[in-house]
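Structural description and commentary
Each chain, written out:
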Amino acid sequence: MALTLRNVSHFYLERQVLDHVSLHIGTGKFCCITGPSGCGKSTLLRLVAGLEKSAGGAILLDGAPSSARSGQIGMVFQEGALFPWLTARKNVSFGLEMQGFKPKVLADLTEEYLSLVGLKQFAAYYPNQLSGGMRQRLAMARSLAYNPSLVLMDEPFASLDAQSRNLMQAELTRIWRETKKTVMFVTHSIDEAVFLADQIVVLSSRPGQVKADIPVELPRPRLRTSPAFVRYREQILALIENSEVSYEW
Amino acid sequence: MLEQAVLPELTDPPRKKRNKRWLDLGLPLLSLVCFVSLWELTVKLKLFALPSPQDTLKTFLRLLIYGDTLYAKNLFQLTGASLWIVVKGCSAAFVLAIPLGVLVGANPYLEKLTHPILEIFRPVPPLAWIPLAYLMFSSLPGPTRYVQAFIVFVGAFFPAVVNTLHGIKNIDPTYIQAAKSCGASPGQILRRVLLPGSLPAILTGIRIGIGIGWMCCVAAEFVGGRMGIGFYIWDSYSTGGRAPEIVSGIIAIGIVGYLLNAGIVWLERRLLPWR
Ligand SMILES: Nc1ncnc2c1ncn2[C@@H]1O[C@H](COP(=O)(O)OP(=O)(O)OP(=O)(O)O)[C@@H](O)[C@H]1O
Ligand SMILES: [Mg+2]
């Protein structure tokens, strides 16, 4: 599914958070959104997910206004937002239940996505019994299981240590290539963006405007030490150099 | 594979060491022994007009097994009569308070609307309602039973409302957004997010409500009626200061209160395995 934003603006009370944001993500493409803290990245995802209404502009899914879109969009939240009262298995099947899947299909899909993220043995565990990385994989499984064509991810790996983070990025690349979803992925890490994305959108500080929209043409699997990788990283870093916010990478 | 790399420790929680278990049993026992010794000491020193622990124990066992000949009731029947009132009062309180708490917690307008009423009546001690309750139920046959249940109702109602309300309000809004993003309807959000998410707080409200309801019941029985453990200890006083009977009644009240609380704690553990 292709996602098009046309001049999307948003306000909280009088304060403008997003200012005429336009971008296009082609079907099956992986797009990373980056920008200083508070520039409206999470807000942008909530708008696309339909959790809030934009003050102006259009959000188009495959060219059509995104109205009746239940089940087409999956979202992984900044804090994971797993339901602590449900086991890993029940968390994954939650979305399927909401979509009204038949019990048999539901059970099969749940097991399939639990294995996809490597949590089959932990199906009966509650989220607070899982490690940070496992929780993020579980959150991905929950939003992927009902097979949305567009997946929105809000800094899903921000709370992980560098090592599990790199593992999760590789894992996500694998899952993305297996499931062929369109992905909109918010991150603060330039390194992460260059590793994952087909396209990197840089937002300016609040109100968020599109500062740059850069295609990343690197073959996968990507090597962080390759000269081309480093060149992309420097290019994006230079773009946001003058912003006061320092970036971790 | 990946599992190995980010696997957390999966060992069971370390089993309690033997001496630790000893302490779990030994310390409470020690505190009981100390308490009884202190009691014995005050009796020996004639500090208060207290019955001795031995007399009390004898009376307690007699009341438990044979009952009090004056009333032809044993302790089970006496506390049972009070418990039955608590069951009635608390059931009515929770049936009303929990849905109300959910509604008010989920709707900011309703909260503003009900806030003054709740906040004015909440600090009123439930027992202050007794005189009015007798007036309210005076036309009914045997008003005392209604009055007592009503006082329990008032005592249990407010903790249940307030805890439920806060339980709903304190649910992380990202849970609601997560459910919405999965396509949940408002009804599904209520049943699958708001209710399970506030269940810990609701159970806390029930636990506190039952505790207060039990206290209110005993106190309400002082005022009227010829049933229940509260009536029994008050009457034992007014018929001539039967101290061992009074203390036995107090102990029975304490034990029942403890068991009620322990029952809800057990229920909490069963219903909230994720805690
Ligand atoms: N529900 C809300 N009500 C009012 N203001 C809000 C709300 N949510 C966000 N904001 C404001 O909107 C701005 C953008 O917030 P948003 O969460 O989208 O930023 P972000 O780019 O995701 O930041 P971060 O990188 O820190 O996650 C911030 O200034 C924030 O204070
Ligand atoms: Mg954010």
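Structure: see above.
Computed from a predicted model, the values in this text were never measured in an experiment. (Residues numbered from 1 in each chain as written. Chains lettered and ligands numbered in written order. Predicted model: local features only at pLDDT ≥ 70, side-chain atom pairs only at ≥ 80, totals over all residues. Heavy atoms only, no water.)

**Observations concerning the overall build of chain A**
What counts is decided by this rule: Put simply, DSSP H or I for four residues or longer makes a helix, DSSP E for two residues or longer makes a strand, and each gets a number counted from the N terminus. Note that the radius of gyration is over C-alpha atoms, with the globule rule given as 2.2 Å times the number of residues to the power 0.38. Each residue's exposure class comes from its accessible area (1.4 Å probe, protein chains only) as a fraction of the maximum for that residue type: buried when under 20%, exposed when over 50%, partly exposed otherwise. Should any heavy atoms of two residues lie within 4.5 Å, those residues are counted as being in contact. Reported accessibility uses the Shrake-Rupley method at a 1.4 Å probe radius. Residues are deemed covered only where the shown protein chains occlude them. Positive charges are assigned to Lys and Arg, negative charges to Asp and Glu, while His and the chain termini are left out of the count. To locate a charge, take NZ of a lysine, CZ of an arginine, CG of an aspartate or CD of a glutamate.
Helix and strand counts for chain A stand at seven helices and 10 strands. The globule rule puts the C-alpha radius of gyration for 249 residues at 18 Å, and the 18 Å found for chain A is close to it. Dimensions of chain A, computed from C-alpha atoms along their principal axes, come out at roughly 50 × 40 × 30 Å. Counting the 249 residues in chain A, one finds 59% classified as buried. For chain A, restricting intrachain contacts to residue pairs at least 6 apart in sequence, the fraction spanning at least 24 positions comes to 69%. Accessible surface for chain A amounts to roughly 10,300 Å². Of this, 53% is attributable to carbon and sulfur atoms. Between the averaged position of the 27 positive side-chain charges in chain A and that of its 23 negative side-chain charges there is a distance of 5 Å.

**Re the sheet that holds strand β4 (residues 56-61) of chain A**
Residues and elements named next belong to chain A. Where we set the bar: In this description, strands pair whenever DSSP reports at least two bridges between them. For helices, the fitted axis covers only the stretch in contact; all axes are lines through C-alpha atoms, and the angles between them, taken along N-to-C directions, range from 0 to 180 degrees.
Ordered by their spatial adjacency, four strands build an open sheet running β2-β1-β4-β5, and the pairing between neighbours is antiparallel. Each having just a single partner strand, β2 (15-25) and β5 (64-65) make up the two edges of the open sheet. By the bridge criterion, five bridges tie strand β1 (residues 3-12) to β4 in an arrangement that is antiparallel. Of the residues in β4, the one forming a bridge with Leu3 is Leu61. Contacts between helix α1 (residues 41-49) and the sheet are confined to β1, β2 and β4, with β1 contributing the most and set at about 115° to the helix.

**Describing the interface of chain B and chain A**
Quick note on the threshold: Buried area: the accessible area, evaluated with a 1.4 Å probe, that two parts lose upon being put together, summed over both parts. What counts as a salt bridge is simple: a side-chain nitrogen of Lys or Arg found within 4 Å of a carboxyl oxygen of Asp or Glu. The definition of a polar contact used here is a pair of N or O atoms within 3.5 Å, where within protein one atom must be able to donate a hydrogen and the other to accept one, and adjacent residues in sequence count solely through side-chain atom pairs. Under the scheme applied here, ten amino acids are nonpolar (Ala, Val, Leu, Ile, Met, Phe, Trp, Tyr, Cys and Pro), four are charged (Asp, Glu, Lys and Arg), and all others, including Gly, are polar.
In this assembly, 24 residues from chain B lie in contact with 32 residues from chain A. Counting each side, the surface lost to burial between chain B and chain A is near 2,600 Å², with a carbon and sulfur contribution of 67%. Connecting chain B to chain A are one salt bridge. Two residues, Arg192 of chain B and Glu97 of chain A, come together in a salt bridge whose shortest N-O distance is 2.5 Å. Where chain B meets chain A, there are five residue pairs in polar contact (both at pLDDT 80 or more). Counting residues per element, the ones that place at least two in the side of chain B that touches chain A are α1 (2-6), α8 (173-181) and α9 (186-223) of chain B. Partitioned by chemical class, the residues of the side of chain B that touches chain A number 15 nonpolar, six polar and three charged.

**A few points about the coordination of the magnesium ion (ligand 2)**
Residues and elements named next belong to chain A. Our working rule: Nitrogen, oxygen and sulfur within 2.8 Å of a metal are treated as its donors, or within 3.2 Å for sodium, potassium and calcium (Na, K, Ca); water is not counted, so a site can appear incomplete.
Donor atoms from the polypeptide that bind the magnesium ion (ligand 2) are Ser42 (OG) and Gln78 (OE1), placed at 1.9 to 2.5 Å. Placement of Ser42 in helix α1 and of Gln78 in the loop between β6 (73-76) and α2 (88-98) is noted, with a sequence separation of 36 residues between them. Note on Ser42: relative accessible area 18%, which makes it buried. For Gln78, a relative accessible area of 33% corresponds to the partly exposed category.

**Remarks on the sheet that holds strand β10 (residues 210-215) of chain A**
Residue and element names in this part refer to chain A. Sheet architecture is open: six strands sit in the order β6-β7-β8-β3-β9-β10, paired in mixed fashion. Here the strands that pair on one side only, and so sit at the sheet edges, are β6 and β10. Shown here is a sheet whose adjacent strand axes are inclined to one another by a mean of 15°, direction ignored. Both strand β9 (residues 199-203) and β10 contribute to a ladder of five bridges, which runs antiparallel. Within the sheet, the bridge partner assigned to Leu203 lies in β10 and is Val210. α1 contacts β3 (30-34), β6, β7 (150-154), β8 (182-186) and β9 of the sheet and is inclined by roughly 155° relative to β7. Against the sheet, helix α7 (residues 227-240) touches β9 and β10, its axis set at about 170° to β10.

**Details of the pattern of salt bridges**
Residues and elements named next belong to chain B. Going through the model one piece at a time under the given rule, you end up with 18 salt bridges over all chains. Residue Glu111 pairs with Lys169 through a salt bridge whose shortest N-O separation is 2.9 Å. With Glu111 in helix α5 (residues 108-121) and Lys169 in helix α7 (residues 143-169), the pair connects residues that are 58 residues apart, well separated along the chain. The partner of Arg207 in a salt bridge is Glu268, and the shortest N-O contact between them spans 3.4 Å. Here the residue Arg207 occupies a position in helix α9, and Glu268 occupies one in helix α11 (residues 243-271), the gap between them amounting to 61 residues. Exposure remark for Glu268: the relative accessible area of 14% places this residue in the buried category.

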